[in-house]
Every structure is written in C-alpha cells, then in structure tokens.
Amino acid sequence: MMTTLVLTLSIGLFALSILFRIGGIYINTTPSLPVGLYRVVDEPVTKGTYVAFCPPQRDVFDWALARGYIHPGACSGGYGQLLKRVYAVAGDTVLIDRSGITVNGELLPNSAPIHTDAYGATLPQYRLDAVLGKSEFLLLSDLNPHSFDARYFGVIERAQIVHVVRPIFTFNLQKECLP
C-alpha cells in the first residue's frame, strides 16, 4: 500500500514537472536560489535578473555532473539547465580570486570560493580579472555560499542563457531553518 502511494505520488510529481516546463514554469528545489516556482518571462538579461542557462560543454561541467553538483538533462553534454542570478554584464569589471568575487570594486556577499566539498573533494578554483565583453555574464547565487556557480566555472556567454525567469512563489529555506 505504501509503495503504491509513493510510486503514484512520484509519477504524479514527474508528470506535473513536465507540464510546468511546457507551460514555462520552473520548479527550483536547490538552495542556489529561493526554493519555489519561477515562470519564464520575455525580458532582457540584465543585472539582478534570474536566468535559466545550459552549461557550455567544458571539463568543469563534466566534473560537476559526475559529482552530482548539477543534474543530467537535455543541454549539450547531457547537462541539465541551471538557475542563477545575473551579477555582472558587459562593461563590468570582475575579479574572481581566493577572497571572492568583486564586481566594479564591490565584494559580493557569499562569494568566497570553498576549496573542498562536503566529501573532501577539491573544488576547481576559477580566477579572472577582466572587463566583461558584450555577450558575457557573471552568474551566481546570493544565498548559498556552497553553490556551484561562477566561482568555479567563470563567465557564461549569452548564447547559453535560455530564459529569464521571475519568481512566482518562493520561500527561503535557509532563513526559515535558522534557529
């Protein structure tokens, strides 16, 4: 009885997620952004917006997929889409070093890279000191200091960004779970 209930619930949630995706709705269950529902909007990619992107085929994303940091999906390389916030755009000066990410002279919160994951695996350490070009974007999490983001993979090209998304309903588990 319990097995049938769990199986039915799992199949129902899977079907619902497919319907949501067809309808332009993303379900975010990762701590990189507030957990909840996001809808696709027809807006330009600007600082502060949330975006869905397909990771480019690079060794760092192969490694992240193998380690379970990102999920498999329909993007090139077998990667799933990721949701992140845009923190820097063309013309912004970006410094990524061991102290964190600085955009136009301002150190971003929760941007210091971590050297090993929870299992002791060494994390890649991306370094950059440049002005972003017209099709380059810096994407990261402003909530989760453990997020797999620009600290480890660098900038993303505009061609990789699939959608701009806006929150419909979210809640921040990190804040709600604090004592």
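Provided above is the structure to which this section pertains.
Because the structure is predicted, anything quoted here is derived from the model rather than measured.

A. Geometry of the packing of aromatic side chains. Scanning the entire structure with this criterion turns up nine aromatic pairs. With a centroid separation of 5.7 Å and an interplanar angle of 85°, the aromatic rings of tyrosine 38 and tyrosine 50 are classed as edge-to-face. With tyrosine 38 in strand 2 (residues 35-41) and tyrosine 50 in strand 3 (residues 50-53), this residue pair connects regions lying 12 residues apart in the sequence. Across this residue pair, the class does not change: tyrosine 38 and tyrosine 50 are buried.

B. Representation of the sheet that holds strand 3 in the model. Strand order in the open sheet formed by seven strands is 1-2-11-3-4-9-10, with antiparallel pairing between adjacent strands. In the strand order of this sheet, the two ends are held by strand 1 (25-28) and strand 10 (156-157), each with one partner. Bridging between strand 3 and strand 11 (residues 161-171) involves four bridges; their strand directions are antiparallel. When the bridges of strand 11 are listed, valine 51 appears paired with valine 164.

C. Here's a closer look at the sheet that holds strand 8 (residues 128-131). Within the open sheet, the four strands sit side by side as 7-6-5-8. Their pairing is antiparallel. Of all the strands in the sheet, the pair left with one neighbour each is strand 7 (106-107) and strand 8. Pairing of strand 5 (residues 93-97) with strand 6 (residues 100-103) involves four bridges; the strand directions are antiparallel. Bridged to isoleucine 96 within strand 6 is isoleucine 101.

D. Highlighting the pattern of salt bridges. Counting across every chain of the model gives four salt bridges. When the shortest N-O distance is used, the salt bridge between glutamate 43 and arginine 166 registers 2.7 Å. Of this pair, glutamate 43 sits in the loop between strand 2 and strand 3 while arginine 166 sits in strand 11; the two residues are 123 residues apart in sequence, bridging distant segments of the chain. Linking aspartate 117 and arginine 67 is a salt bridge whose minimum nitrogen-to-oxygen distance equals 2.7 Å. You can see aspartate 117 sitting in the loop between strand 7 and strand 8 and its partner arginine 67 sitting in helix 2 (residues 59-67), a full 50 residues away along the chain. Residue aspartate 117 is classed as buried on the basis of its relative accessible area of 12%.

E. Structural view of the nonpolar core. If you look at the biggest cluster of nonpolar residues, it comprises 23 residues, and the most contacted ones within it are Phe61 and Phe148. Mapped by element, the contributors of at least two residues to this core are strand 3, helix 2, strand 4 (82-88), strand 9 (136-140), helix 3 (150-153) and strand 11. With three residues, the single largest contributor to this core is helix 2. Other than its neighbours up to four places away in sequence, phenylalanine 148 contacts Val60, Phe61, Trp63, Ala64, Tyr69, Ile70, Lys84 and Phe153. Val103, Leu108, Leu138 and Val155 belong to the second largest nonpolar core, which has 13 residues in total.

F. A look at the layout of surface pockets. Roughly 1,200 Å³ of internal volume is contained in the largest pocket. Lining the largest pocket are 37 residues, with Thr30, Tyr69, Ile70, His71 and Leu82 positioned closest to its centre. Within the residue set of the lining of the largest pocket, elements represented by two or more residues are helix 1 (2-22), strand 1 and strand 4. Ranked by residues supplied to the lining of the largest pocket, first place goes to strand 1 with four residues. Looking at the lining of the largest pocket residue by residue, the class counts come to 20 nonpolar, 14 polar and three charged.

G. The arrangement of unusual backbone geometry in detail. The phi angle at asparagine 104 is positive, at roughly 50°, despite the residue not being glycine. Along the polypeptide, asparagine 104 turns up in the loop between strand 6 and strand 7. For asparagine 104, a relative accessible area of 44% gives the class partly exposed. Even without a glycine there, the phi angle at asparagine 110 is positive, about 55°. With respect to the helices, strands and loops of the structure, asparagine 110 is situated in the loop between strand 7 and strand 8. Note on asparagine 110: relative accessible area 33%, which makes it partly exposed.

Cut-offs applied
Residues numbered from 1 in each chain as written. Predicted model: local features only at pLDDT ≥ 70, side-chain atom pairs only at ≥ 80, totals over all residues. Heavy atoms only, no water. Phe/Tyr/Trp six-rings, centres within 6.5 Å; stacked < 30°, edge-to-face > 60°. Helix = DSSP H or I, 4+ residues; strand = E, 2+ residues; numbered from the N terminus. Buried < 20%, exposed > 50% of the residue type's maximum accessible area, 1.4 Å probe, protein only. Pairing = 2+ DSSP bridges. Salt bridge = Lys/Arg side-chain N within 4 Å of Asp/Glu carboxyl O. Core = buried A, V, L, I, M, F, W, Y, C linked by side-chain atoms within 4.5 Å. Contact = heavy atoms within 4.5 Å. 1 Å grid on protein atoms, 1.4 Å probe; cavity = no way out; pocket = protein on both sides within 12 Å on 5 of 7 lines; lining within 4 Å. Points joined across faces, edges and corners; volume = space filled by probe spheres on them. Nonpolar A, V, L, I, M, F, W, Y, C, P; charged D, E, K, R; others polar.

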